[in-house]
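One-letter residues, chain by chain:
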Amino acid sequence: MNRITPTMLAEQSFFHGMEEAHLQSIADCSRLEQYDAGSLLLHQGEEADAAHLLLEGSVALELTVPGREPLVVETLAAGELVGASWLLPPARVHFDVRARNDVISLRIATDCLRRAMEQDSSLGYVFCRRFMAVVVRRLQATRLRLMDLYGHPGLFLPEERR
Amino acid sequence: MSNVPADPMLPRPVRVLERRREMEGVVTLVLEGSPQEQDGFQPGQFNMLYAPGVGEVPISISGDPAEPAQLTHTIRSVGQVSHALTRLQPGDQLGVRGPFGTGWPLSDAAGSDLVVAAGGLGLAPLRPVLLAAAGNRSRFGRVVLYYGTRSPDTVLYSGELEAWRAAGIDVHVTVDRAAPGWKGEVGVVTQLMRAEHFDAGSAVALLCGPEIMMHFSAQTLSGLGIPQARIHLSMERNMNCGVGLCGHCQFGPRLVCRDGPVFSLEQVAPLMKIKEL
Ligand SMILES: Cc1cc2nc3c(=O)[nH]c(=O)nc-3n(C[C@H](O)[C@H](O)[C@H](O)COP(=O)(O)OP(=O)(O)OC[C@H]3O[C@@H](n4cnc5c(N)ncnc54)[C@H](O)[C@@H]3O)c2cc1C
């Protein structure tokens with residue numbers, strides 16, 4: 001019923017320009033899922049067996065620490081790929097991923113995807129390049145947050161320009 | 001008497017009508033305007049505010065251009081003069097010179113989508129734009145606000161965001177660090193910016209915040225297709241005279257007080273050393 005086709009994937013910017021055979025391999029590992037607001041797409045500490053490409057809605061990455069309210073580390077909106085821990089061992093989910101509103105996602109079974117990438121290293125290369133771009137973008141965003149971007153401008157200017 | 005142009009170097013005495021504490025160290029002062037204020041101001045312009053016996057600093061006008069008789073300024077206490085200004089109480093007197101500087105190019109944006117990106121206190125000089133857009137919504141296409149700040153307790157004008165939404169402005173707010181109870185976005189302001197929010201072919205973008213925030217926001221908006229000539233930034237370099245005489249605020253070949261504070265990215269990109277644009 002919810003069969004994913006290469007054409008459906010090609011509409012998502014993450015997959016733009018990928019060749020049909022690669023899209024077919026990924027489509028074969030994917031299905032559409034719906035999550036109600038407040039429910040979890042991924043559970044912190046569990047085996048990382050899925051990545052989600054958000055088609056509608058947005059999610060919060062929450063870190064649960066005993067004795068504290070869950071802390072939202074980052075929010076991600078439609079178009080984003082969520083779930084990065086599956087590629088490398090020990091493949092455990094780092095954060096709870098909670099739907100902030102009603103979410104539709106493309107769930108990619110990562111065992112299936114990993115097998116496909118091992119059989120076809122050109123798929124592996126193409127997917128990992130795109131995956132890396134996502135990781136780098138998030139790393140840059142995290143660095144900007146560490147810099148306290150919105151503090152008093154004087155903090156960032158050399159003395160002669162203040 | 002009222003036909004004689006006022007000496008731009010001479011502060012006019014005005015009184016504080018209202019003082020609102022926005023957050024730790026940040027205060028909004030509503031001042032009783034003098035007859036000059038009736039002439040109005042352009043969103044993006046600033047006044048030189050003189051704290052008696054302490055000194056004078058440039059502060060953007062953050063009030064509603066439709067109500068020019070009420071002079072509104074939002075001030076963060078960072079040093080001697082700004083600290084003295086934030087301590088003023090209703091009834092206290094201060095000096096005002098202005099308005100000075102170029103405003104945001106709102107007439108260029110009429111009929112087009114308006115993209116407003118603010119960081120931290122940078123929302124203050126953009127508030128007149130948002131109030132003008134909310135008051136005359138049909139003047140623009142889509143109006144989108146991207147606002148990033150450190151934490152939920154540093155969201156400026158938090159009580160007004162809903163009214164802006166209700167007026168048809170697409171308001172997006174994100175914080176670097178969430179706190180319990182925060183239901184909004186968490187991430188850096190550039191992560192809010194998405195191609196589907198505006199028509200890059202015609203949109204006009206207005207940016208204000210620390211330069212580092214404007215640098216990355218300009219890079220992102222430019223990457224989403226808005227040309228450099230239609231991305232405008234408010235360069236809040238420190239200044240003295242406010243009227244282009246002393247040269248203190250020289251910025252490359254320009255003076256921020258006279259030629260700015262609003263510049264297009266095309267004008268300032270080489271000076272900001274924005275790479276890969
Ligand atoms: C056009 C313009 C509009 C402005 N609008 C506002 C506003 O709406 N609200 C507001 O709170 N402030 C605004 N500012 C900044 C404000 O003018 C300064 O914070 C003020 O001049 C600081 O004076 P001070 O005596 O309190 O502190 P100082 O003792 O002069 O400075 C304290 C510290 O801040 C640094 N500093 C001061 N001003 C700047 C600056 N402009 N850029 C970078 N570093 C600086 C100094 O080098 C020093 O490290 C604006 C500045 C300009 C040029």
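Cut-offs and rules
- Residues numbered from 1 in each chain as written.
- Chains lettered and ligands numbered in written order.
- Predicted model: local features only at pLDDT ≥ 70, side-chain atom pairs only at ≥ 80, totals over all residues.
- Heavy atoms only, no water.
- Buried < 20%, exposed > 50% of the residue type's maximum accessible area, 1.4 Å probe, protein only.
- Helix = DSSP H or I, 4+ residues; strand = E, 2+ residues; numbered from the N terminus.
- Pairing = 2+ DSSP bridges.
- pLDDT = per-residue confidence, 0-100.
- Contact = heavy atoms within 4.5 Å.
- Salt bridge = Lys/Arg side-chain N within 4 Å of Asp/Glu carboxyl O.
- Polar contact = N/O pair within 3.5 Å; in protein donor to acceptor, adjacent residues only side chain to side chain.
- Nonpolar A, V, L, I, M, F, W, Y, C, P; charged D, E, K, R; others polar.
- Disulfide = S-S within 2.5 Å.

(A) Structural context of the pairing of strand β3 (residues 50–56) of chain A. All names here are of chain A. When you tally the buried positions in β3, you get five out of seven residues, the bulk of the element. In this structure, β3 lies alongside strand β8 (residues 103–109), joined through six bridges in antiparallel fashion. By the bridge assignment for β8, L54 is matched with S105. Examined bridge by bridge, β3 and strand β6 (residues 81–82) share two bridges and lie antiparallel to one another. Directly across from L53, in β6, lies its bridge partner L81.

(B) Focus on the confidence of the model for chain A. When pLDDT is averaged along chain A, the result is 91; 92% of the residues meet or exceed 70. Below pLDDT 50 for its whole length, residues 155–162 of chain A participates in 15 contacts with residues either more than four positions away or in separate chains.

(C) View of the interface of chain A and chain B. Across the boundary between the two partners, chain A contributes 24 residues, which contact 30 residues of chain B. Between the two partners, chain A and chain B, sit two salt bridges. For A:D148, the salt bridge is made with B:R150, and the minimal N-O distance between the two is 3.0 Å. The interface formed by chain A and chain B contains 10 residue pairs in polar contact (both at pLDDT 80 or more). For the side of chain A that touches chain B, the secondary structure elements donating two or more residues are β5 (71–76) and α4 (121–146) of chain A. Ranked by the residues each element gives to the side of chain A that touches chain B, the list is headed by β5(A), at five residues. Looking at the side of chain A that touches chain B, its residues break down into 13 nonpolar, four polar and seven charged.

(D) Spotlight on the state of the cysteines. Residue and element names in this part refer to chain A. Scanning all chains against the criterion turns up one disulfide over all chains. In this model C29 forms its disulfide with C112; the gap between the sulfur atoms is 2.0 Å. Across the disulfide from C29 to C112, rotation about the S-S bond amounts to roughly -70 degrees, and the bridge is consequently left-handed. On the criterion of sequence distance, the pair formed by C29 in the loop between α2 (20–28) and β1 (30–35) and C112 in helix α3 (residues 110–119) is long-range, its members being 83 residues apart.

(E) View of the confidence of the model for chain B. Model confidence for chain B is summarised by a mean pLDDT of 89, while 94% of its residues fall at 70 or above. Scoring of the predicted complex yields 0.90 for pTM and 0.86 for ipTM.

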